[in-house]
Amino acid sequence: MFLIIGKNDVPLYEANLGTVRKEIGHLNQFIIHAALDIVDEEAANSPNMYLKTVDKFNEIYVSAYVTAGNIRLMLVHDSRNEDGIRNFFIEVHENLIKALMNPMFDLIRGFSQPFDTRVKNAAKRFLI
Amino acid sequence: MKRTTVYDRNLKAKREVSVSAFHFLFSEIVQYCLAKANSDAQELERQLEELGQPLGAKFLELVCFRDRNSKKDINIIECLRFIHGPLWKTLFNKNADELEQNTEEHDTFMISEKEPSLCNQFACLPKGDDYLNCGAFVAGIIEGILASANFPAKVSAIFKNDEESRKTVFLVKFNSDTIDGNY
């Protein structure tokens, strides 16, 4: 489960990338929500965008990446794979900036289908 | 046939825009705002600032990614240095002229730029508006950056006349709670 959260705590994008093997339904959402406070605290104290694993719930980990403009990328996963996740975040970040640079881009209408395809390709390459 | 999208472009390739193209567009923007503001100078500045703000947020993301290898600034001074250096270079291909802190009010910083600066170079405004500064657009960009980096501040562009030269000073006044937490 992967989620992009905007500056004002608005979810911008959500995708199920199969990074948690066990079927846990909507528990994902709660786990990410619970980790948000920790992410904000760590982001304020670290110059790195990639914050590694910020939270843990039983066997499920939460990794986060916070951009300069405080857009948070959060990934819920059940296996440790720090480098892969870092590369995945960087790839998504790059595509995210490209989407934001588009003057016609509208956060309310959300990301277009090419963005979605790119995120899923990145997930295939780095996470699975 | 495969459609090319914005995602196929290279983000790190720097592109330059000719000054004349910029001035052509910017003069139209100013005229448009002037008509909308009924020639009220303060209203015009406010509109220019408003146009600049969303750009600030985008530039922060872009320049951090391009030049800083995905590191970000976590305190006010670093963020201002970033604006003074890398950001100014991206926007105007040079560093800003000066960055100072007000000696009396610690929440106030000044970034100054010698005239003629890019936005005021060809500004020819109605009489009586001698305090109007088209740099308000750049002030809006700075404000957008700081707001996006979680250091909300009020930025205004003002003229300052020295003996030798004329300057535009971007006065950055941070909200009091921003200063308390980060300084």
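Bear in mind the structure is a predicted one, so any value in this text is a computation, not a measurement.

A. Region of interest: the overall build of chain B. Scanning chain B from N- to C-terminus turns up five helices and four strands. If you list the helices and strands of chain B from N to C, you get α-α-α-β-β-α-β-β-α. In terms of overall size, chain B behaves like a compact globule, its C-alpha atoms giving a radius of gyration of 17 Å where 183 residues would be expected to give roughly 16 Å. On the principal axes, the C-alpha backbone points of chain B span a range of 55 × 45 × 30 Å. Relative to its 183 residues, chain B shows a buried fraction of 44%. Summarising the internal contacts of chain B: among those between residues at least 6 apart in sequence, 58% fall at separations of at least 24.

B. Quick peek at a nonpolar patch on the surface. Taken together, the side chains of Leu27(A), Phe30(A) and Phe57(A) define a hydrophobic patch exposed on the protein surface, amounting to about 290 Å² of accessible area. For Phe30(A), the position within the fold is in helix H1 (residues 27-45).

C. Molecular detail of the pattern of salt bridges. All names here are of chain B. Counted under the stated rule, the structure contains 14 salt bridges over all chains. Note that lysine 94 and aspartate 97 form a salt bridge whose closest N and O atoms lie 3.8 Å from each other. What makes aspartate 97 partly exposed here is its relative accessible area of 32%. A salt bridge links lysine 173 to glutamate 105; the nearest nitrogen and oxygen atoms lie 3.6 Å apart.

D. Representation of the nonpolar core within the structure. Judged by nonpolar contacts, the single largest core of 69 residues is most densely connected at Phe2(A), Ile4(A), Phe88(A), Leu146(B) and Phe174(B). Among all residues touching Phe88(A), those that are not within four sequence positions of it are Phe2(A), Leu17(A), Leu75(A), Val119(A), Ala122(A), Ala123(A), Phe126(A) and Leu127(A). Residues Ile31(A), Ile32(A), Val39(A) and Ala43(A) belong to the second largest nonpolar core, which totals 18 residues.

E. Inspection of the interface of chain B and chain A at higher detail. Contacts between chain B and chain A engage 21 residues on the former and 29 residues on the latter. A combined buried area of about 2,300 Å² lies between chain B and chain A, and 59% of that area is made up of carbon and sulfur atoms. Of all residues in chain B, Tyr7(B), Glu61(B) and Lys72(B) bury the most surface against chain A, accounting for 38% of the area lost on that side. For the pair chain B and chain A, the interface holds one salt bridge. Two residues, Asp8(B) and Arg118(A), come together in a salt bridge whose shortest N-O distance is 2.4 Å. Between the two partners, chain B and chain A, sit 15 residue pairs in polar contact (both at pLDDT 80 or more). If you list the elements that add at least two residues to the side of chain B that touches chain A, you get helix H2 (41-67) and helix H4 (136-148) of chain B.

F. Geometry of H1(A). Residue and element names in this part refer to chain A. The terminal C-alpha atoms of H1 lie 28 Å apart, and with 19 residues this matches the ideal 27 Å at 1.5 Å per residue to within 8%. At leucine 36, H1 shows its largest kink, close to 35°. Taken as a whole, H1 has its buried residues at Asn28, Ile31, Ile32, Ala35, Leu36, Val39 and Ala43. Elements that come into contact with the buried residues of H1 comprise strand E1 (2-5), strand E3 (50-57), strand E4 (60-66) and strand E5 (72-77).

G. Structural detail: the side chain of Glu49(B). Residue position: Glu49(B) is located in helix H2. Beyond its immediate sequence surroundings of up to four residues, Glu49(B) is in contact with Ala136(B), Ala139(B), Gly140(B), Glu143(B), Lys154(B), Val155(B) and Ser156(B).

H. Seen up close, helix H1 (residues 19-36) of chain B. All names here are of chain B. Taking 1.5 Å per residue as the helical rise, H1 with its 18 residues ought to reach 26 Å, and the 25 Å between its terminal C-alpha atoms agrees with that figure. Residues of H1 that are buried sit in contact with H2 and H4. Directly beyond the C-terminal end of H1, a positive phi value near 50° is found at asparagine 38.

I. Highlighting the sheet that holds E5(A). All names here are of chain A. The five strands lie next to each other as E2-E1-E5-E4-E3, forming an open sheet whose pairing is antiparallel. Lying at the two open borders of the sheet, with one neighbouring strand each, are strand E2 (11-15) and E3. The sheet shows a mean angle of 20° between the axes of neighbouring strands, taken without regard to direction. Taken together, the six bridges between E4 and E5 define a ladder with antiparallel strand orientation. The residue bridging tyrosine 61 from the neighbouring strand is histidine 77, located in E5. Each of E1, E2, E3, E4 and E5 touches H1; the most contacted strand, E3, lies at about 135° to it. Docked against the sheet, helix H2 (residues 82-101) engages E1, E3, E4 and E5, running at close to 145° with respect to E5.

J. Broad picture of the layout of surface pockets. Here the largest pocket is characterised by a volume of approximately 1,800 Å³. Taken together, the elements giving at least two residues each to the lining of the largest pocket come down to H2 of chain A together with H1, H2, helix H3 (76-92) and H4 of chain B. Per-element tally for the lining of the largest pocket: the top contributor is H2(B), with eight residues. Class assignment for the residues of the lining of the largest pocket results in 29 nonpolar, seven polar and eleven charged.

Cut-offs applied
For every chain, the first residue of the written sequence is number 1, and numbering continues from 1 onward in sequence order. Written order decides the labels, with chains lettered from A and ligands numbered from 1. Where local features are concerned, this predicted model is filtered to residues with pLDDT of at least 70; where side-chain atom pairs are given and counted, the filter is 80 or more; whole-chain, interface and lining totals use all residues. To obtain the side-chain values, all non-hydrogen atoms of the structure were included, while hydrogens and water were left out. Put simply, DSSP marks the helices as runs of H or I at least four residues long and the strands as runs of E at least two long, and each gets a number from the N terminus on. The size measure is the radius of gyration over C-alpha atoms, and the globule rule it meets is 2.2 Å times the number of residues to the 0.38 power. Using a 1.4 Å probe on the protein chains alone, a residue whose accessible area is under 20% of its type maximum counts as buried, one over 50% counts as exposed, and one in between counts as partly exposed. It only takes one pair of heavy atoms within 4.5 Å for two residues to be counted as in contact. Here, patches come from residues exposed beyond 30% relative accessible area and free of salt bridges, joined within 9 Å for like charges and within 5 Å for nonpolar side chains (Val, Leu, Ile, Met, Phe, Trp, Tyr). Here, Shrake-Rupley sampling with a 1.4 Å probe gives the accessible areas, and only protein chains in the shown set may cover a residue. Any carboxyl oxygen of Asp or Glu within 4 Å of a side-chain nitrogen of Lys or Arg constitutes a salt bridge here. In these notes, a set of buried Ala, Val, Leu, Ile, Met, Phe, Trp, Tyr and Cys residues joined through side-chain atoms within 4.5 Å is what counts as a nonpolar core. Buried area is calculated as the accessible area (1.4 Å probe) missing from two parts once they are joined, with the contributions of both summed. The term polar contact refers here to a pair of N or O atoms within 3.5 Å; inside protein, the definition further demands a hydrogen-donor-capable atom paired with an acceptor-capable atom, and it admits residues adjacent in sequence only when both atoms are side-chain atoms. The length a helix should cover is 1.5 Å for every residue beyond the first. To get the bend at any residue, fit one axis to the seven residues that end at it and another to the seven that begin at it, then take the angle between the two axes. Between any two strands, pairing holds if DSSP finds at least two bridges. In this description, a line fitted to the C-alpha atoms serves as the axis of each element, helices being fitted only across the stretch in contact, and the angle between N-to-C directions of two axes falls anywhere from 0 to 180 degrees. In this analysis the probe radius is 1.4 Å and the grid spacing 1 Å, with only protein atoms considered; a cavity is a set of points the probe fits into but cannot get out of, a pocket is an open set with protein on both sides within 12 Å along at least five of seven lines, and lining residues have an atom within 4 Å of a point. Grid points are joined across faces, edges and corners, and a volume is the space filled by probe spheres set on the points. Note on residue categories: nonpolar means Ala, Val, Leu, Ile, Met, Phe, Trp, Tyr, Cys or Pro, charged means Asp, Glu, Lys or Arg, and polar means any other residue, Gly included.

By themselves, these figures tell us nothing about what the structure is for.
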